[in-house]
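# Architecture and fold: a report
Each chain is listed here by its residues.
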Amino acid sequence: MLLQVSNISKNFGGVQATKDFSVTVDKGEIVGIIGPNGAGKTTIFNVISGVYTADEGSILLSGQNVTKLPQHEITKLGIGRTFQNIRLFKGLSIIENVMCAFDPQSKYSFIGSIIPTPKRKAEEKRGKELCEHYLEIVGLKDYINEAPENLAYGYQRRLEIARALMCNPKVLLLDEPAAGLNPTEVGELTELILKLSKDFGFATMLIEHRLELVMGISHKIVVQNFGKTIGVGTPKEVQNNPAVIEAYLGAEEEDNA
Ligand SMILES: Nc1ncnc2c1ncn2[C@@H]1O[C@H](COP(=O)(O)OP(=O)(O)OP(=O)(O)O)[C@@H](O)[C@H]1O
């Protein structure tokens, strides 16, 4: 199993954001996490990607225990992610935004950090080629020197995905990738996620409020409510799960009140 999350819990000063969350995600599998606002979905991603350490439980990546590792080590081991609020660097071009995620494999010498030695130049070239490669895959090759803020929202999401690909992920965590997108953009994004999952074969986890997207492409859905799992199954199974229906109807009634 590529990713095995077992009984993780995370508490913030008395708020039980996530309690006893477990999931397994295999190569090529897409697992959706849905649930009302504040259900603890992003906390799950924050714990898996090392932004926070779980209070309890364990996370295994290809059998390796990564539960207590810091975020940069978890990224290096191949857990890539995007964020609910797009995090791009203004003032940097699109390719520079992706280049930020490049981790040189051959370390420069002290001299190399001051002057461009052949070793440093070769590594920078490799990084640039890698960025171009991933930008091409997400459909942004023609915009590499543009400012990210000039891109349509849907393209900014693609840029974030290209950046996440730079860690050569075994697991890709997408936090509400369709937030703010119009229906055409949602359709294009759906195609992209499916293509990436098929071509790279990584394990994908997807938090999403746009049910048409998440129900359409997930092999398995986990439904969270108040930090707890209230349903797991295929999209069809969770749609027919009474606890899930009640949680969603309850949330809708509150919104309408
Ligand atoms: N860093 C933090 N400090 C304190 N409380 C937090 C922190 N992160 C999350 N929480 C709390 O944990 C609970 C779950 O939040 P979380 O963001 O994980 O939910 P969510 O399901 O992703 O919500 P949404 O769909 O609105 O993004 C909320 O009550 C939230 O206020």
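Residues numbered from 1 in each chain as written. Predicted model: local features only at pLDDT ≥ 70, side-chain atom pairs only at ≥ 80, totals over all residues. Heavy atoms only, no water.

Where an unreviewed UniProt entry is consulted, the chain appears under the name Amino acid/amide ABC transporter ATP-binding protein 1, HAAT family, with the organism given as Anaerocolumna aminovalerica.

## Structural notes on the packing of aromatic side chains
Given two aromatic rings, their pairing is described by the distance between the two centres and the angle made by the two planes. Evaluation of the coordinates by the stated rule reveals 4 aromatic pairs. Their ring planes at 65° and their centres at 5.6 Å tell us that Tyr 143 and Tyr 155 sit as a pair that is edge-to-face. Here the residue Tyr 143 occupies a position in the loop between helix 5 (118-137) and helix 6 (153-165), and Tyr 155 occupies one in helix 6, the gap between them amounting to 12 residues. Judged by its relative accessible area of 30%, Tyr 143 falls in the partly exposed class. Residue Tyr 155 is classed as partly exposed on the basis of its relative accessible area, which comes to 27%. Measuring from centroid to centroid gives 5.5 Å for Phe 200 and Phe 202, while their planes differ by 5°, and the two rings are stacked. Judged by relative accessible area, which is 34%, Phe 200 ranks as partly exposed. Residue Phe 202 is classed as buried on the basis of its relative accessible area of 1%. The lysine or arginine in question, Arg 87, covers the ring of Phe 83, its NZ or CZ lying 3.9 Å from the ring centre. (Phe/Tyr/Trp six-rings, centres within 6.5 Å; stacked < 30°, edge-to-face > 60°. Helix = DSSP H or I, 4+ residues; strand = E, 2+ residues; numbered from the N terminus. Buried < 20%, exposed > 50% of the residue type's maximum accessible area, 1.4 Å probe, protein only. Lys NZ or Arg CZ within 6 Å of the ring centre and 35° of its normal.)

## Brief notes about the site of the ligand
Close to the ligand lie 15 residues, the nearest being Gly 38, Lys 41, Thr 42, Thr 43 and Tyr 52. Asn 37 places a side-chain nitrogen or oxygen 3.3 Å from an oxygen atom of the ligand. Within the side chain of Tyr 52, an N or O atom sits 2.8 Å from a nitrogen atom of the ligand. In isolation the ligand offers 630 Å² of accessible surface; the protein chains occlude 65% of this area. If you list the elements that add at least two residues to the shell around the ligand, you get strand 2 (15-25) and helix 1 (41-48). Counting residues per element, the shell around the ligand draws most heavily on helix 1, at 3 residues. (Near = heavy atom within 4 Å. Polar contact = N/O pair within 3.5 Å; in protein donor to acceptor, adjacent residues only side chain to side chain. Areas by Shrake-Rupley, 256 points an atom, 1.4 Å probe, with all protein chains shown as cover.)

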